[in-house]
Amino acid sequence: MANIKSAKKRIKVADKKTARNRRVKNSLKAILKAYEASLAEGDLETAGEQLRLAEKKLMQAASKGTIKKQTASRKVSRLTKRFNEARASE
């Protein structure tokens, strides 16, 4: 355990950031899971809405530093590609 005041503060700050990152990542997982489910069901209208929400949340997470910008872009690209393939197959 830290004895110096600034070290104690850094521990608190790190705990807050860890908790925030965990909340953001868990919500991202839930959004992506909902998108995958609607895509698997063939409900393209709902999947389109989920895709827009997922893109927004991924970019927000990237801007806050929770995930890397390139990771967010890659995920958005893959999600969009799958959506377009599903739409083209119908």
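Since the structure is predicted, the reported quantities are computational estimates derived from the model, not experimental observations.

**Student:** Any chance you could explain the overall build of the chain here in plain terms?
**Tutor:** Check the secondary structure of the chain and you find three helices and zero strands. Traced from its N-terminal end to its C-terminal end, the chain shows the element sequence α-α-α. Whereas a compact globule of 90 residues would reach a radius of gyration of roughly 12 Å, the chain reaches 18 Å, over 25% beyond that. In the chain, buried positions account for 27% of the 90 residues. Summarising the internal contacts of the chain: among those between residues at least 6 apart in sequence, 54% fall at separations of at least 24. Counting every atom, the chain has about 6,800 Å² of accessible surface; 51% of that belongs to carbon and sulfur. With 25 positive and 9 negative side-chain charges, the chain shows a separation of 20 Å between the mean positions of the two kinds.

**Student:** Hey, could you run me through a negative patch on the surface in this one?
**Tutor:** Negative charge collects at one region of the surface, where Glu-41, Asp-43, Glu-45 and Glu-49 lie side by side. Along the chain, Glu-49 turns up in helix H2 (residues 44-64). By relative accessible area, Glu-49 is classed as partly exposed at 46%.

**Student:** Honestly, helix H1 (residues 5-41) in this entry has me stumped. Any pointers?
**Tutor:** In an α-helix there are 3.6 residues to a turn, and that puts residues three or four apart on one side. Relative to the 54 Å expected for 37 residues at 1.5 Å per residue, H1 spans 55 Å between its end C-alpha atoms, a close match to the ideal helical length. The complete set of buried residues in H1 reads Val-24, Leu-28, Ile-31, Tyr-35, Ser-38 and Leu-39. Each element contacted by the buried residues of H1 is listed here: H2 and helix H3 (69-89). Of the residues flanking the end of H1, it is Gly-42, one or two places downstream, whose phi is positive at about 90°.

**Student:** How do you make sense of the packing of H2 against H3 when you look at a structure like this?
**Tutor:** How two helices pack is summed up by the angle between their axes together with the distance between the axes. At a minimum axis distance of 9 Å, the contact between H2 and H3 shows a crossing angle of 170°. Relative to H3, H2 is oriented roughly antiparallel. Residues Leu-44, Ala-47, Gly-48, Leu-51, Ala-54, Glu-55, Leu-58, Met-59 and Ala-62 of H2 form the contact with H3, whose own contacting residues are Lys-69, Ala-72, Ser-73, Lys-75, Val-76, Leu-79, Thr-80, Phe-83, Ala-86 and Arg-87. Taken together, the residues of the contact of H2 with H3 break down into 12 nonpolar, three polar and four charged.

**Student:** Before we go on, may I ask you to explain the nonpolar core in this structure?
**Tutor:** Soluble, globular proteins show a tendency: their nonpolar side chains are buried together. Membership of the largest hydrophobic core comes to 18 residues, with the highest contact counts inside it found for Leu-28, Tyr-35, Leu-39, Leu-58, Ile-67, Leu-79 and Phe-83. Looking at this core, the elements with two or more residues in it are H1, H2 and H3. Here this core gets seven residues from one element, more than from any other, and that element is H2. Here Phe-83 is in contact with Tyr-35, Leu-39, Leu-44, Ala-47, Gly-48 and Leu-51, once residues within four sequence places are set aside.

Thresholds, definitions, all that
Residues numbered from 1 in each chain as written. Predicted model: local features only at pLDDT ≥ 70, side-chain atom pairs only at ≥ 80, totals over all residues. Heavy atoms only, no water. Helix = DSSP H or I, 4+ residues; strand = E, 2+ residues; numbered from the N terminus. Rg over C-alpha atoms; globule rule 2.2 N^0.38 Å. Buried < 20%, exposed > 50% of the residue type's maximum accessible area, 1.4 Å probe, protein only. Contact = heavy atoms within 4.5 Å. Areas by Shrake-Rupley, 256 points an atom, 1.4 Å probe, with all protein chains shown as cover. Lys, Arg positive; Asp, Glu negative; His and termini not counted. Charge placed at Lys NZ, Arg CZ, Asp CG, Glu CD. Patch = residues over 30% accessible without salt bridge, like charges linked within 9 Å, V, L, I, M, F, W, Y side chains within 5 Å. Salt bridge = Lys/Arg side-chain N within 4 Å of Asp/Glu carboxyl O. Expected span 1.5 Å × (residues − 1). Axes fitted to C-alpha atoms, helices over the stretch in contact; angles between N-to-C directions. Parallel < 35°, antiparallel > 145°, perpendicular 65-115°, else oblique. Nonpolar A, V, L, I, M, F, W, Y, C, P; charged D, E, K, R; others polar. Core = buried A, V, L, I, M, F, W, Y, C linked by side-chain atoms within 4.5 Å.

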